[in-house]
Each structure stands twice: as structure tokens, then as C-alpha cells.
Amino acid sequence: MNGIYYINESISLSGHSKNESIQFQKNALLDYIKDQHIQITKLNRYQINDHYSILHALLYDLKKKGIQMDCLILFAPEVINEFITTYPARWILLKSFFSEIILLRASSF
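Predicted model only: the values in this text are computed from it and were never measured. (Residues numbered from 1 in each chain as written. Predicted model: local features only at pLDDT ≥ 70, side-chain atom pairs only at ≥ 80, totals over all residues. Heavy atoms only, no water.)

J.: Could you clarify how one ought to interpret the pattern of salt bridges in this entry?
T.: Side-chain pairs of opposite charge can arise whenever the charged atoms involved come near each other. Counting across every chain of the model gives one salt bridge. Put simply, aspartate 50 and lysine 42 hold a salt bridge, and the shortest N to O gap is 3.8 Å. (Salt bridge = Lys/Arg side-chain N within 4 Å of Asp/Glu carboxyl O.)

Next comes the structure, spelled out in C-alpha cells:
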């Protein structure tokens with residue numbers, strides 16, 4: 001199974017700092033990816049991180065490559081709610097490139 005994961009670097013989850021929220025998202029997502037044996041795909045060879053932090057950039061890269069992916073992995077609905085509300089048409093287009101959108105929930109947050 002191939003996939004891409006997204007980390008919202010500008011959100012504070014449950015009152016934690018942005019840095020703590022980023023680290024928590026990253027740890028939870030990487031644990032899930034490892035447990036489920038998901039192969040992370042890097043669409044842009046110039047991309048610094050293995051994850052995306054800008055959904056517009058992800059959509060651009062997906063459109064440019066024109067490929068279908070198995071899954072997009074997100075920490076929780078809160079990390080994408082603003083994008084969905086602000087850009088509903090882009091969210092629908094973005095979702096169309098994935099067979100499955102996986103939302104994780106962490107019990108300790």
C-alpha cells in the first residue's frame with residue numbers, strides 16, 4: 001500500500017504549543033505507517049520532508065504526476081477542517097486522488 005501523510009504545522013492541538021502538536025502528529029502518523037506497512041511516496045524530488053504540510057502543494061504535485069494513491073493519512077479532522085471549509089472544491093479534487101482517507105485519533109491528546 002502506498003500513501004502520503006500530512007502534518008498541519010500551524011495548528012495547536014488541545015492547548016499544546018505548535019511544536020508539541022507537530023511532534024505529536026508526526027509520532028502518531030509514523031507509528032501508524034510503520035504498523036500498517038505503508039510505503040510513503042514522495043511526489044516531488046525537491047521536497048524536503050517525507051510529509052506534506054501544505055495541501056495546495058500536495059494537490060499541485062498530484063495533478064502534475066497524475067497518479068492514484070492508496071491513502072492519505074491525517075492525524076484528525078481538526079488538522080484539515082479549515083482547508084475543507086475554505087476550499088471545498090479543492091478538497092473534493094484532492095480526495096479524488098486517493099482510494100482512502102485515513103484519520104487517526106490519539107487517546108492521550
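That shown, we press on.
J.: Any chance you could explain unusual backbone geometry here in plain terms?
T.: Excluding glycine, most residues fall at negative phi; most peptide bonds, likewise, are trans. In the Ramachandran plot, serine 14 falls in the positive-phi region, its phi being about 50° despite a non-glycine side chain. Within the secondary structure, serine 14 sits in the loop between strand E1 (2-5) and helix H1 (18-35). A relative accessible area of 57% places serine 14 in the exposed class. (Helix = DSSP H or I, 4+ residues; strand = E, 2+ residues; numbered from the N terminus. Buried < 20%, exposed > 50% of the residue type's maximum accessible area, 1.4 Å probe, protein only.)

J.: Would you mind showing me how to read the sheet that holds strand E2 (residues 39-40) here?
T.: Note on sheets: strands pair through backbone hydrogen bonds, and any given pair is parallel or antiparallel. With respect to topology, four strands assemble into an open sheet ordered E2-E1-E3-E4, the strand pairing being parallel. Single-partner strands in this sheet number two, and they are E2 and strand E4 (98-103). The sheet contact formed by E1 and E2 spans two bridges and is parallel. Across the sheet, the residue bridging to asparagine 2 is glutamine 39, located in E2. Here H1 sits on the sheet in contact with E1, E2, strand E3 (69-74) and E4, set at roughly 145° to E3. Seen against the sheet, helix H4 (residues 88-95) touches E3 and E4 and runs at an angle of roughly 115° to E4. (Pairing = 2+ DSSP bridges. Contact = heavy atoms within 4.5 Å. Axes fitted to C-alpha atoms, helices over the stretch in contact; angles between N-to-C directions.)

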